[in-house]
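Topology and contacts: notes
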Amino acid sequence: MKTTTRVKKINGHEYLYEITYYYDKETRRTRQKSRYLGKYVDGKPVRVREKAKSPERVYAYGELIPYLNAIRTLDLSGILETHLTEHETRICLTLAIAALTCPDAIYNPGAWFEGTALSRVYPGLKISSQTVSKLLKKIGETGISMDICRTYISRRETAESRVYDLMIPQLRFSAANKRHKSNVQFFDQVSLYYDRDLSVPAAYMPHPKNLTATRLVKNAVAGMHIFHYRNTTLISGREFNSAMNIYGLIFSGTPFVIPINPDNELVREEIRRHRSELMHPKNLKIFHGETLFVVPITIPVESVQMHGYICYSPRQDEEERNEYTEDLDLIIESLHNIPIYRWTDPADAVLDIAGKYEQFIQWKVDDNRLMVNVKQKAVARQLRDAGVSVLLYAGGEFQWDQCMQWTSEQQEDEEFFSTVTSRLQIYPHTVDAETIRQGIYLIAFISLMLKRWVERQLEAAGLLSVSSIQKIMIDLEKIRLIGLGNDRTVVTGLHPRQQDILESLKWQIDLQI
């Protein structure tokens, strides 16, 4: 009988079948049989199932889904590619994701990259310590980072921002330090600007050295104009103990929220006056699941009214007291009844072991033995403000939880920047260390932007009210991408918990960004 081939189009895909005609004696009619030949590709049949009988590779994918969606939504690829090449853009985004999902990946970025779905998102990307160093140096030597921030902000219509004052520790060695085997701690200062509407980092400005309060405000305002914001609020994590620095902030006219040491004379009297009502039930608050007592205060400074909050945390109080008790017990045990030789200065011996606790130790030498006790009154004075913190603000009406949220974010962002920076400084950059560090700041900034965007999405979807970020990410980590032998990929089956998370967030399982 006659045999021919026919192309059938099913769901937009073309398939090739062999059609054989035969005569049916019972019905006395011509009938046909079809045999599947394969997918119709370039005029030839391709047996898809035969070519991909078993998976060739399994890729880590679930933990990348939130950040791939963030990159797609914020159009970070498009923004970076206006100032970097496609290859450089992909390296930047890969490093930013690695800092969030596998911080140790920087020690062997190529091996980590090949084991993740990013190798399917960015096929052919070659990433090594040499390419990373070269890119970081290029970013640090130019103004690319500022241009990228301006491009991102230009696509937004937000007129207001808040700026976090970050202190990033840097370890530098001098000849004198090498001789004495000691190091001096230096800090870079970074102003981090948040988009007020999205509550996501939108820009940053590094500064070469520590700034006074007056200079800090001037730089914050200068950055506001550079990035075309109309208003900004300064959030600093530094305790400004100098009265002149605090006055400089107050009379600058820029809204601010800052912590201040409870021993500062500006707030000492207010704490003493409100101490009796500090734990009154009317002042009970809950912040991120923790019990707090919050008392609003007003402090007149010349012609300006400065406002703030006294916050008392029972948990921090208990932790501080336990820490002092345990440390002092160990010090007493180490010092008591030790022999004092003729050539030994007992004061030096106490200081050497007690360190910062030396002021709380009472000692005497009896029969060439050291007798020590704890100065209970000195310890009580030191711990009178245990668990107490004070936040001051001016230039606006800020609620207690808003102030605490901002200062908490500032501390988290400072720690995040410091961690990412220290991990990326593993290479022997030699004379280019300063330049390289400036390039690292862009990676840390992009990484933080992705992190905060994901957190905001989880919060908006209501998932954080029933679970934590850590638990959600662990659920997503179980999702894997299976690579088949014909360049096809499939995602492992989703259990109901994973489906609920992805459906609540409307996140796509898609390798296209």
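Use the structure listed above.
Residues numbered from 1 in each chain as written. Predicted model: local features only at pLDDT ≥ 70, side-chain atom pairs only at ≥ 80, totals over all residues. Heavy atoms only, no water.

Following both chains from N to C, one finds helix H18 (residues 469-477) and helix H19 (residues 496-505) inclined at 115°, their axes separated by 9 Å at the closest point. By the angle between their directions, the pair H18 and H19 is classed as roughly perpendicular. Here the hand of the crossing between H18 and H19 comes out left-handed. Along the contact surface, H18 presents Ile472, Asp475 and Leu476, while H19 presents Arg497, Gln498, Ile501 and Leu502. (Axes fitted to C-alpha atoms, helices over the stretch in contact; angles between N-to-C directions. Helix = DSSP H or I, 4+ residues; strand = E, 2+ residues; numbered from the N terminus. Parallel < 35°, antiparallel > 145°, perpendicular 65-115°, else oblique. Left-handed = near helix turned anticlockwise from the far one by under 90°. Contact = heavy atoms within 4.5 Å.)

On to the sheet that holds strand S5 (residues 57-60). Pairing is antiparallel in the open sheet, where three strands are placed in the order S5-S17-S18. The sheet is open, and its two edges are formed by S5 and strand S18 (489-491), each paired on a single side. When the angles between neighbouring strand axes are averaged without regard to direction, this sheet yields 25°. Bridging between S5 and strand S17 (residues 480-483) involves four bridges; their strand directions are antiparallel. In the strand pairing of S17, Val58 is matched with Ile482. (Pairing = 2+ DSSP bridges.)

It is worth spelling out the pairing of strand S11 (residues 284-287) at this point. The pairing of S11 with strand S12 (residues 290-301) spans four bridges and is antiparallel. Paired with Phe287 across the bridge in S12 is Glu290.

This next bit is on the side chain of Arg162. Position of Arg162 among the secondary structure elements: in strand S6 (residues 160-172). A distance of 2.8 Å separates a polar atom in the side chain of Arg162 from a polar atom in the side chain of Tyr164. The residues contacting Arg162, other than those within four sequence positions of it, are Leu192, Tyr193, Tyr194, Arg196, Ser199, Thr232, Thr233, Trp406, Glu409 and Arg456. (Polar contact = N/O pair within 3.5 Å; in protein donor to acceptor, adjacent residues only side chain to side chain.)

To continue, consider unusual backbone geometry. Not every positive phi belongs to a glycine, and Asp75 is a case in point at roughly 55°. Residue position: Asp75 is located in the loop between helix H2 (65-74) and helix H3 (76-81). Positive phi outside glycine occurs at Asn337, with the angle close to 70°. Within the element layout of this structure, Asn337 appears in the loop between helix H13 (314-335) and helix H14 (346-354). By relative accessible area, which is 39% here, Asn337 ends up partly exposed. (Buried < 20%, exposed > 50% of the residue type's maximum accessible area, 1.4 Å probe, protein only.)

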